[in-house]
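Next come the chains, spelled out residue by residue.
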Amino acid sequence: MEYKGFILHHSRCPSINGKGFDFWVGPDGSIYAAPLLTDPEYIHVCLEGNYGEEYTLPPLSGRENQLFAAGKLILELAARYQIDPLIVEPHTKTCPGAFFPWNELVIYPADGYH
């Protein structure tokens with residue numbers, strides 16, 4: 001299967017409702033995979049939390065774990081499915097939310113992890 005990239009969601013998106021994502025990333029960095037990939041063009045990653053409202057953001061330490069895990073997941077899936085890891089798009093204009101910290105999501109393979 002040839003995927004074009006990744007779509008990011010947050011769990012407060014009204015279209016999620018327990019489905020519509022391929023991987024769920026908890027605030028502690030835990031990752032849960034759906035039994036099957038749901039979209040033939042994109043891999044959907046949902047981050048638990050509400051990034052649409054500033055006062056509902058996960059605590060900084062949790063957000064760091066979550067974003068680290070999401071970035072690592074994207075890099076691993078990009079290598080496995082030969083996808084450019086820089087093709088990461090929001091689900092909609094309001095998802096993953098106006099307060100999603102895009103600049104904290106590390107998806108450059110050269111940066112590596114330690």
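This report concerns the structure included in the present document. (Residues numbered from 1 in each chain as written. Predicted model: local features only at pLDDT ≥ 70, side-chain atom pairs only at ≥ 80, totals over all residues. Heavy atoms only, no water.)

Turning next to the pattern of salt bridges. Under the defined criterion, the tally for this structure stands at one salt bridge. With a closest N to O distance of 3.5 Å, glutamate 41 and lysine 4 form a salt bridge. Here the residue glutamate 41 occupies a position in the loop between strand E3 (31–33) and strand E4 (42–47), and lysine 4 occupies one in the segment before strand E1 (5–10), the gap between them amounting to 37 residues. What makes glutamate 41 partly exposed here is its relative accessible area of 37%. (Salt bridge = Lys/Arg side-chain N within 4 Å of Asp/Glu carboxyl O. Helix = DSSP H or I, 4+ residues; strand = E, 2+ residues; numbered from the N terminus. Buried < 20%, exposed > 50% of the residue type's maximum accessible area, 1.4 Å probe, protein only.)

This paragraph deals with the pairing of E4. Most of E4 sits out of view: six of its six residues are buried. Sheet analysis places E1 next to E4, joined by six bridges and oriented parallel. Residue pairing across strands places histidine 10 opposite leucine 47, the latter belonging to E4. Examined bridge by bridge, strand E2 (residues 23–25) and E4 share three bridges and lie parallel to one another. Directly across from tryptophan 24, in E4, lies its bridge partner cysteine 46. (Pairing = 2+ DSSP bridges.)

On to unusual backbone geometry. A cis amide bond, omega 20°, links cysteine 95 with the succeeding residue proline 96. For proline 96, the position within the fold is in the segment after strand E5 (88–90). At glutamine 82, a residue that is not glycine, the phi angle is positive and equals roughly 55°. By secondary structure assignment, the location of glutamine 82 is in the loop between helix H1 (60–81) and E5.

A few words on the packing of aromatic side chains. All told, the structure shown has four aromatic pairs when counted by the stated rule. Taking the centre distance of 5.1 Å and the plane angle of 70° together, the rings of tyrosine 51 and phenylalanine 100 count as edge-to-face. With tyrosine 51 in the loop between E4 and H1 and phenylalanine 100 in the segment after E5, this residue pair connects regions lying 49 residues apart in the sequence. The rings of Tyr51, Phe100 and Trp102 are connected pair by pair, giving a single aromatic cluster. (Phe/Tyr/Trp six-rings, centres within 6.5 Å; stacked < 30°, edge-to-face > 60°.)

What the five strands build is an open sheet, ordered E3-E2-E4-E1-E5; its pairing is mixed. In the strand order of this sheet, the two ends are held by E3 and E5, each with one partner. Averaged over all neighbouring strand pairs, the angle between strand axes comes to 25°, with direction disregarded. (Axes fitted to C-alpha atoms, helices over the stretch in contact; angles between N-to-C directions.)

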